[in-house]
Amino acid sequence: MTEEKTAQMALEQLATRDGLTGLANRRCFDDTLRAEWARALRQRQPLSLLMVDVDNFKAYNDAHGHLGGDECLKRITAAVASEMRANDLVARYGGEEFAVLIADADAAVARRIAEKCIGAVGALGLPHAVSPSAPQVSISIGVARLAGSRDASPEGQIALADEAMYRAKRGGRNRL
């Protein structure tokens with residue numbers, strides 16, 4: 001491999017990957033969402049979205065410092081990513097929030113995957129001594145089936161998944 005090709009690959013990695021977690025970054029997620037949305041409309045296939053947030057992460061970060069918080073995020077994202085299929089996309093959406101695109105999956109499949117993610121994070125057993133709601137680190141997930149309607153938009157579906165995630169948090173956290 002030439003040095004130029006190696007440098008080009010490194011630049012592409014920097015442009016599409018989150019530096020901390022190694023997941024797809026927000027830019028990559030946005031581009032993939034637009035492409036998958038168009039494909040789902042064209043092929044009349046379902047597309048589901050999970051919005052994932054680490055419960056009480058600010059308190060965890062304050063108690064364990066930024067390096068501890070970074071390690072926590074790496075472990076959580078590895079656990080979530082381990083539950084995905086090869087063609088699913090897990091991306092860092094911002095801070096301690098992650099987005100998961102699940103192609104060719106209806107809401108029931110997306111819910112099963114979300115439940116497995118919650119279980120995988122729980123199985124890590126990361127203590128969270130300062131959490132008001134749980135003794136260990138947990139996640140809350142909002143699930144939305146991206147409607148195949150031409151009247152809908154990817155942004156509107158993100159808003160639906162985000163609202164579902166906040167309902168899960170208001171409902172007690174560590175749930176979908």
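Reference entry: report on the structure contained in this document. Because the structure is a prediction, the values reported are computed rather than measured. Residue numbers run consecutively from 1 along every chain, following the written order of its sequence. Only residues with pLDDT of 70 or above have their local features reported here, since the model is predicted, and side-chain atom pairs are shown and tallied only from 80 upward, although totals for entire chains, interfaces and linings are computed over all residues. In computing side-chain properties, one takes all heavy atoms of the structure into account and sets aside hydrogens as well as water.

### A short note on the pattern of salt bridges
Any carboxyl oxygen of Asp or Glu within 4 Å of a side-chain nitrogen of Lys or Arg constitutes a salt bridge here. For the coordinates displayed, the defined rule picks out 10 salt bridges. In this structure, R26 engages D30 in a salt bridge whose closest nitrogen and oxygen atoms are separated by 3.3 Å. Of this pair, R26 and D30 both sit in helix α2 (residues 26-43), four residues apart, which is roughly one turn of the helix. For K169, the salt bridge identified is with D55, shortest N-O distance 2.7 Å. Residue K169 is found in helix α5 (residues 154-170), and its partner D55 is found in the loop between β1 (47-54) and α3 (57-82); the two are separated by 114 residues along the sequence. Taken as a pair, K169 and D55 share a single burial class, namely buried. Among the charged side chains, a salt-bridge network with shared partners connects D53, D55 and K169. Labels follow the DSSP assignment, with helices taken as runs of H or I lasting at least four residues and strands as runs of E lasting at least two, numbered in each case from the N terminus. Residue exposure (1.4 Å probe, protein chains only): buried if accessible area is under 20% of the type maximum, exposed if over 50%, otherwise partly exposed.

### Examining the packing of aromatic side chains
Centres within 6.5 Å make a pair out of two Phe, Tyr or Trp rings, where for Trp the six-membered ring is used; the pair is then stacked when the planes are under 30 degrees apart, edge-to-face when over 60, and tilted otherwise. Evaluated as defined, the whole model comprises two aromatic pairs. Look at F29 and Y93: their rings are 5.7 Å apart centre to centre, the planes differ by 85°, and that puts the pair in the edge-to-face class. With a gap of 64 residues between them, F29 in helix α2 and Y93 in strand β2 (residues 89-94) connect regions that are remote in the sequence. Among the residues examined, F29 registers a relative accessible area of 0% and is labelled buried. For the pair F57 and Y60, a centre-to-centre distance of 6.3 Å together with 15° between the ring planes defines the contact as stacked. Residue F57 and its partner Y60 are located together in helix α3, separated by three residues, close to a single helical turn. One Lys or Arg, R26, reaches over the ring of Y93 and ends 3.8 Å from the middle of that ring. Two conditions define a charge sitting above a ring: the NZ of Lys or the CZ of Arg must be within 6 Å of the ring centre, and it must be within 35 degrees of the ring normal.

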